[in-house]
Amino acid sequence: MDKVKLSWIGHSCFEISCGKTVLIDPFIDGNPAATVSSSELEPDIIAVTHGHSDHLGDTVSIAQRTGCTVVCIHEISQYLRSKGIKTIGMNIGGTVQVDDISFTMTDAVHSSSIDEANWGFDGGKAAGFVITCNGISVYHAGDTGIFKDMELIYQLYHPDVALLPIGGRYTMDSKDAALAVKMLQVNMAIPMHYNTFEEVAQDPMIFANSVKTLSKAEVLIMAVNDSMVL
Ligand code: NI
Ligand code: MN
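A few points on the structure.

Cut-off values and rules
Residues numbered from 1 in each chain as written. Chains lettered and ligands numbered in written order. Predicted model: local features only at pLDDT ≥ 70, side-chain atom pairs only at ≥ 80, totals over all residues. Heavy atoms only, no water. Disulfide = S-S within 2.5 Å. Buried < 20%, exposed > 50% of the residue type's maximum accessible area, 1.4 Å probe, protein only. Donors = N, O, S within 2.8 Å, 3.2 Å for Na, K, Ca; no water. Tetrahedral: all angles 85-135°; square planar, octahedral: opposite > 155°, others 65-115°. Helix = DSSP H or I, 4+ residues; strand = E, 2+ residues; numbered from the N terminus.

This brings us to the state of the cysteines. Applying the stated criterion to the full structure yields 1 disulfide. In this structure Cys 13 is not part of a disulfide, and its nearest cysteine sulfur, from Cys 68, lies 12 Å away. A relative accessible area of 0% means that Cys 13 is categorised as buried. Sulfur of Cys 68: no disulfide; nearest cysteine sulfur belongs to Cys 72 and is 11 Å away.

Bringing the coordination of the nickel ion (ligand 1) into the picture now. Ligation of the nickel ion (ligand 1) by protein atoms is provided by His 50 (NE2), His 52 (ND1), His 110 (NE2) and Asp 143 (OD), these donors lying 2.2 to 2.3 Å from the ion. The site at the nickel ion (ligand 1) holds 4 donor atoms, and with the angles between them running 90 to 175°, its shape is irregular. On the primary sequence, the residues serving as donors to the nickel ion (ligand 1) are separated as H-x1-H-x57-H-x32-D. In this structure, the nickel ion (ligand 1) lies 3.3 Å away from the manganese ion (ligand 2), the two metals sharing Asp 143 as a donor. Taken together, the residues His 110 in the loop between strand 8 (101–107) and strand 9 (127–133) and Asp 143 in the loop between strand 10 (136–140) and helix 4 (150–157) connect sequence positions 33 residues apart. Here Asp 143 falls in the buried class, since its relative accessible area comes to 2%.

Quick look at the structure:
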């Protein structure tokens, strides 16, 4: 069976490769943490959690160049279609299958304006995804505060790995995210959305140590451009 490779491009942007390549929240060219250029990336699918510029990022230019499909909430799908991009619009609780990869849209407690507000498009609701490929499920929480229904995400989808924001201010911080790991009952947790900007400065060791007191999950603190095989 093909393996699943997970790479961190920086902030909330990850690439999952499992035959096809999925890019999640491709904030790259304006991303102070990223070292690659969006023009180097050739995803088959982009998944966008919400409209904020540090998540929608370079979706438009990458999708226009590569012709890839964008999986996102209905409102962002309408916006991207107006730019000639191929999308699969969906909403929270739904699952779509693209090239043997399944995308389930989960709730997130956050807002979702499209930062190019003058376009007059509403970003709908902020979301997360459980992405399943070759039998491995990865939960990307998007931007979110902690919420009790993370227990439902465990109950329904049993993700193996959770990618969780820990930067505070706009999302959960390390301590909240550690409790999220406990609720999600994942084997592995990877922190994201921290130290990109001063506003989300955070020591990931606080997350790692807090997880240790609450669950048996392994915490993997990735460096930008690190890859791992799940
Ligand atoms: Ni956001
Ligand atoms: Mn964000």
